[in-house]
Amino acid sequence: MTGPAGIESKAYRSRPARREDVGEIVRLYNHVTGRERNEAEHCWEWWETPAGAGSMWVIEETATGAIVGHHGLIPIRLRVGDQSVLAGKTENTMVHPDHRAKVLYFLYEKQFAQAAAARFDLLFTTSGYGAPGRIRRKLGYQSAGATTYFLKVTRGAGLQRLALPVVEKLTTSRVLSRLLALAARGASRPAVLAFRGRTQSAPDVVVRRCHSFDEIAGPVEALWHRTAPAAGITVERSAAYLAWRLAANPNVPYLFFAAWRGAHLVGYAAVELTAGGEAVIVDLWAESEQPIFFDSLMQGMLRQLDGEGSNAFVFPTLQGENSLVRGLRRNGFLDLGPLLRRLYRRAKREQPELLVKAVRPGLAELGLYEPERWYYTALFAEGLRTAAINLRAPKRDEAAS
Amino acid sequence: MKATSQEIMDIVKSGELSLETKNLSTSASLRKAGLDSLDASLLFLTIQEKYNLKVADDDVARLDTVDDIVAFVNQQAA
């Protein structure tokens, strides 16, 4: 057991997490986040990944031995140019509220990052704002771009539902709010025209919904191996990884779509349906030689989902002129970034960013800090259920990151 | 090595910390001015190095004003 790097520790000590800590870590997580995670969900995320168990550390109060803090890195294989690298994604960084003023958390994470360098080629966080963002910048993380949502609406109802929370944010006046809501309702039908794309679908590509991921696991892995050389920087889409991250995810039941050209898989997508009725496209990967495969999959999938009642589609990604963003724009998705930036400024809060720290020498030169190099989908995220499309700015002290 | 209020205030106001230092007096609470855990870590690492002394985490939790820090440094140096 050790204290933090640089300052003698009397009140707290740290050590790697052990399997028998699971119950206490889950209780701390639930206390800090207000969520209700169970031990099986924790074990899926931290102990059962295809790249092995996560690297986890706990901070204990010396006097009682109680776990009051936690930091972890989930192992995830990324493709960076022509290299396969093991990345550590920061998650579940948390200190019990009663101890936040006393635990010198930065010094612990500095020590944990030094220990992690023996295992990981790079570290990244999707929570590059507030206190976690400041800490990680001090630890040498750099921005690879701001995260954003791209949105496409196929019917007025979808736009109204998304617009109402924004309208409520714009004014505290109930009368004005109602008037704005009525105006939004009237404008929603013509406004949907703004989401028309400029795409063509390949007549010989058929998009089908899958009953389970197992149906396409092999062809998806073959697709990944064919297309990986042109992938830029992205998650390695091995069948084992996708089966764990998507099919075995205890938090979210995903829908899977596959685009076939005869017996040949040319693309796949995973979608989460939120309680609010939006469809969040968590991942979409297609043959990269021609955009028409990306477009055929997207359009075929949107048609099916629209027919089943979804009329607002969201694609979380990074701002930047990369192939994914161009594909989304072609398909009629609009970047909500400017609206989000306005809301963040209004709330005097920071916009979330993807922060990355290269550990292995030479990686930084492969464009790690350039958003144009990334193919960033929600596969990079933790895999929790999306409660609603979140247009609010995050609070500075949101703890689990 | 002894510390002065001006020296500690210069470290606090160095720009590396996020707290509000305008009109900050030597007896004002640094935490009430916005000193968080990261700021406290950076501040006391600097103080350790500058004055060549050892600070423990429970000292950090206890010291909340520039005056407190000056007294602590000078007591350690005595």
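Residues numbered from 1 in each chain as written. Chains lettered and ligands numbered in written order. Predicted model: local features only at pLDDT ≥ 70, side-chain atom pairs only at ≥ 80, totals over all residues. Heavy atoms only, no water.

## Some words on the overall build of chain A
Secondary structure assignment for chain A yields 11 helices and 14 strands. Residue burial in chain A is summarised as follows: out of 401 residues, 56% are buried. Within chain A, contacts between residues at least 6 apart in sequence are counted, and of these 74% link residues at least 24 apart. For chain A, the accessible surface area stands at approximately 16900 Å², while carbon and sulfur atoms represent 52% of it. (Helix = DSSP H or I, 4+ residues; strand = E, 2+ residues; numbered from the N terminus. Buried < 20%, exposed > 50% of the residue type's maximum accessible area, 1.4 Å probe, protein only. Contact = heavy atoms within 4.5 Å. Areas by Shrake-Rupley, 256 points an atom, 1.4 Å probe, with all protein chains shown as cover.)

## A closer look at the overall build of chain B
Across its full length, chain B carries 4 helices and 0 strands. Against the compact-globule benchmark of 12 Å for 78 residues, chain B has a radius of gyration of 11 Å, which places it among compact chains. Referenced to the eigenvectors of the C-alpha coordinate spread, the extents of chain B come out at roughly 30 × 20 × 20 Å. Counting over 78 residues, chain B shows a buried share of 49%. Look at the contacts in chain B between residues 6 or more apart in sequence, and 54% of them connect residues 24 or more apart. One finds the centroid of the 8 positive side-chain charges in chain B at a distance of 4 Å from the centroid of its 13 negative side-chain charges. (Rg over C-alpha atoms; globule rule 2.2 N^0.38 Å. Lys, Arg positive; Asp, Glu negative; His and termini not counted. Charge placed at Lys NZ, Arg CZ, Asp CG, Glu CD.)

## Overview of unusual backbone geometry
In this structure, Asn92(A) is a non-glycine residue whose phi angle is positive, near 55°. Residue classification places Asn92(A) among the buried residues on the basis of a relative accessible area of 1%. You will see that Asn23(B), though not glycine, has its phi angle at about 60°, which is positive. Following the sequence through the fold, Asn23(B) ends up in the loop between helix 1 (5-12) and helix 2 (37-51).

## Notes on the interface of chain A and chain B
When the parts of a complex come together, some accessible area is lost, and that lost area is often taken as the interface size. Every contact between the two is made by 19 residues of chain A and, on the other side, 20 residues of chain B. Taken over both partners, the interface formed by chain A and chain B buries close to 1500 Å², and the fraction arising from carbon and sulfur atoms is 59%. Of all residues in chain A, Ile7(A), Leu104(A) and Arg134(A) give up the largest surface area on contact with chain B, accounting jointly for 35% of the area buried on that side. Across the pair Asp39(B) and Arg134(A) runs a salt bridge, and its minimum N-O distance is 2.7 Å. Summed over the shared surface of chain A and chain B, the number is 12 residue pairs in polar contact (both at pLDDT 80 or more). Mapped onto the side of chain A that touches chain B, the elements with two or more residues apiece are helix 3 (105-116) and helix 4 (130-138) of chain A. Top element by residues in the side of chain A that touches chain B is helix 3 of chain A. It accounts for 4 residues. Of the residues contributing to the side of chain A that touches chain B, the split by class is 11 nonpolar, 2 polar and 6 charged. (Buried area = accessible area lost by both parts, 1.4 Å probe. Salt bridge = Lys/Arg side-chain N within 4 Å of Asp/Glu carboxyl O. Polar contact = N/O pair within 3.5 Å; in protein donor to acceptor, adjacent residues only side chain to side chain. Nonpolar A, V, L, I, M, F, W, Y, C, P; charged D, E, K, R; others polar.)

## Here we look at the confidence of the model for chain B
Residues and elements named next belong to chain B. On average, residues of chain B score 91 in pLDDT, and 100% of them are at 70 or above. The least confident element of chain B, judged by mean pLDDT, is helix 3 (residues 57-62) at 90; the most confident is helix 1 at 95. The ipTM value of the predicted complex is 0.79, and its pTM value is 0.87. (pLDDT = per-residue confidence, 0-100.)

## Examining the nonpolar core
In this structure, Leu78(A), Leu122(A), Ile216(A), Tyr268(A), Leu284(A), Met298(A) and Trp374(A) are the most contacted members of the largest nonpolar core, which totals 89 residues. The contacts of Leu122(A), once residues within four sequence positions are left out, are Leu78(A), Val80(A), Val85(A), Leu86(A), Ala87(A), Gly88(A), Val356(A), Lys357(A), Ala358(A), Val359(A), Leu363(A) and Leu368(A). In this structure, Phe106(A), Ala33(B), Leu53(B) and Ile69(B) belong to the second largest nonpolar core, which totals 50 residues. (Core = buried A, V, L, I, M, F, W, Y, C linked by side-chain atoms within 4.5 Å.)

## A look at the packing of aromatic side chains
Residues and elements named next belong to chain A. All chains considered together, the criterion is met by 10 aromatic pairs over all chains. Ring centres of Phe213 and Phe256 lie 5.3 Å apart, and the angle between their planes is 50°; on these two criteria the pair is classed as tilted. With Phe213 in the loop between strand 7 (205-209) and helix 7 (217-227) and Phe256 in strand 9 (residues 255-261), this residue pair connects regions lying 43 residues apart in the sequence. There is no split in this pair, since Phe213 and Phe256 are both buried. One aromatic cluster in this structure is built from Phe124, Trp374, Tyr376 and Phe380. Over the ring of Tyr29 we find Arg37; its NZ or CZ atom is 3.9 Å from the centre of that ring. (Phe/Tyr/Trp six-rings, centres within 6.5 Å; stacked < 30°, edge-to-face > 60°. Lys NZ or Arg CZ within 6 Å of the ring centre and 35° of its normal.)

## Brief notes about a nonpolar patch on the surface
Residues and elements named next belong to chain A. Taken together, Val175, Leu176, Leu179, Leu180 and Leu182 make up a surface patch of nonpolar side chains, about 460 Å² in accessible area. Examined against the element boundaries, Leu180 turns out to sit in helix 6 (residues 174-191). The exposure class of Leu180 is partly exposed, given its relative accessible area of 31%. (Patch = residues over 30% accessible without salt bridge, like charges linked within 9 Å, V, L, I, M, F, W, Y side chains within 5 Å.)

## Side note on helix 7 of chain A
All names here are of chain A. Three or more residues of helix 7 are buried, namely Ala217, Val220, Leu223, Trp224 and Thr227. Projected down its long axis, helix 7 carries its buried residues within an arc of 125°, all on one side. Residues of helix 7 that are buried in the fold lie against strand 3 (67-80), strand 8 (233-235), helix 8 (239-247), strand 10 (264-273) and strand 11 (279-286). (Arc of directions from axis to C-beta.)

## A closer look at the pattern of salt bridges
Within the structure shown, the criterion is met by 21 salt bridges over all chains. Here Asp21(A) and Arg15(A) are joined by a salt bridge, their closest N and O atoms 2.8 Å apart. Assessed through its relative accessible area of 5%, Asp21(A) is described here as buried. Between Asp36(B) and Arg134(A) there is a salt bridge, with its nearest N and O atoms 2.8 Å apart. One end of the pair, Asp36(B), is in the loop between helix 1 and helix 2; the other, Arg134(A), is in helix 4, on a second chain. Judged by its relative accessible area of 24%, Asp36(B) falls in the partly exposed class. Residue Arg134(A) is classed as buried on the basis of its relative accessible area, which comes to 18%.

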